[in-house]
Amino acid sequence: MASRKTRRRNLIQIIALTLAVVLVVVASVVFQSWWNDRPDPEPSEISVTASSPAGEIEVFPFSVCEPGVACEENEVPVLEVGADEELHLSIPEAIHDHDWYLLTIYDDPAANDEFYHTSFDATEVTVPGSVDPTEEGGQRPRLVVVEISAVMIGHDSDGEQAPYTTTWSLSTVAE
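Residues numbered from 1 in each chain as written. Predicted model: local features only at pLDDT ≥ 70, side-chain atom pairs only at ≥ 80, totals over all residues. Heavy atoms only, no water.

Undergrad: How do you make sense of the overall build of the protein when you look at a structure like this?
TA: The helix and strand tally for the protein stands at two helices and nine strands. Scanning the protein from its N terminus toward the C terminus, one meets helices and strands in the order α-β-β-β-β-α-β-β-β-β-β. Taking 175 residues into account, the globule formula puts the C-alpha radius of gyration at 16 Å, and the protein, at 26 Å, lies well above it. Considering only C-alpha atoms, the protein reaches an extent of 95 × 40 × 25 Å along its principal axes. In the protein, which comprises 175 residues, the share counted as buried stands at 27%. Within the protein, counting contacts between residues at least 6 apart in sequence, those at least 24 apart form 59% of the total. For the protein, the exposed area adds up to about 11700 Å²; of that, 53% sits on carbon and sulfur atoms. Side-chain charges in the protein split into 8 positive and 31 negative, and the spacing between the mean points of these groups amounts to 44 Å. (Helix = DSSP H or I, 4+ residues; strand = E, 2+ residues; numbered from the N terminus. Rg over C-alpha atoms; globule rule 2.2 N^0.38 Å. Buried < 20%, exposed > 50% of the residue type's maximum accessible area, 1.4 Å probe, protein only. Contact = heavy atoms within 4.5 Å. Areas by Shrake-Rupley, 256 points an atom, 1.4 Å probe, with all protein chains shown as cover. Lys, Arg positive; Asp, Glu negative; His and termini not counted. Charge placed at Lys NZ, Arg CZ, Asp CG, Glu CD.)

Laid out in structure tokens, this is it:
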């Protein structure tokens, strides 16, 4: 039979272990709740990173519009991409965690293309500076503009959540 001192020591260890488990569980639940409830950035604050041999830039939205409201457009940044080069786009989680579109516009409208991506489908995209000619013997169409579009949730002037159509636009040819 265990002595009274041994039983008391065992009881203290069991209580301490139980308290430690309860503290870890409570801390985990509180952290998970905070993590899930933290606010997403506003659509106008989200940027896409674009890089080519000419450099790297952060591209902020060209337009952020509520449905049915006139849309204010911003300036389109330029990052040159040669015909034999590639444009690399890094898509942040705030965009790629839901559906989004990539529109590639070339100097030959027949070469333009649109790519639909589902959530977590792609975090990076590579776009060629030129594509195969659409007609036999024709010139290779050059990339002129790249646009990324997504519907984002932001806050209106009353602080209420509202959907916004957000478009990031990048020109690849210097004027």
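Still more to cover.
Undergrad: Any chance you could explain the sheet that holds strand 1 (residues 48-52) here in plain terms?
TA: Hydrogen bonding along the main chain pairs the strands of a sheet, whether they run parallel or antiparallel. Pairing is antiparallel across the open sheet formed by four strands, whose spatial order is 2-1-4-7. Strand pairing shows two members of the sheet lacking a second neighbour, strand 2 (55-59) and strand 7 (124-128), which therefore form its edges. Ignoring which end each strand starts from, the neighbouring axes of this sheet average 20° apart. For strand 4 (residues 86-90) and strand 7, the ladder comprises five bridges, and the chain directions are antiparallel. What sits directly across from S90, in strand 7, is E124. (Pairing = 2+ DSSP bridges. Axes fitted to C-alpha atoms, helices over the stretch in contact; angles between N-to-C directions.)

Undergrad: Looking at this structure, how should I read the nonpolar core?
TA: A general feature of soluble globular proteins is that nonpolar side chains tend to end up buried together. Counting residues in hydrophobic clusters, the biggest one holds 24 residues, and the most contacted among them are L87, L89, I95, W100, I148 and W168. Where this core is concerned, the elements lending two or more residues are strand 1, strand 4, strand 5 (100-106), strand 7, strand 8 (143-155) and strand 9 (161-171). With five residues, the single largest contributor to this core is strand 8. Excluding anything up to four places from it in sequence, L87 contacts A50, S51, L79, V81, V125, T126, V127, L143, V146, L170 and T172. (Core = buried A, V, L, I, M, F, W, Y, C linked by side-chain atoms within 4.5 Å.)

Undergrad: In this structure, what is going on with the state of the cysteines? I would like to understand it.
TA: Working definition: the covalent bond between the sulfur atoms of two cysteines is a disulfide. The tally for this structure, following the rule as stated, stands at one disulfide. The disulfide bridge from C65 ends at C71, spanning 1.7 Å between sulfur atoms. On the S-S bond that ties C65 to C71, the torsion sits near -50°, and the link is left-handed. Relative accessible area serves as the criterion here: at 13%, C65 is assigned to the buried category. By relative accessible area, which is 33% here, C71 ends up partly exposed. (Disulfide = S-S within 2.5 Å.)

Shape descriptors only; they carry no functional weight alone.
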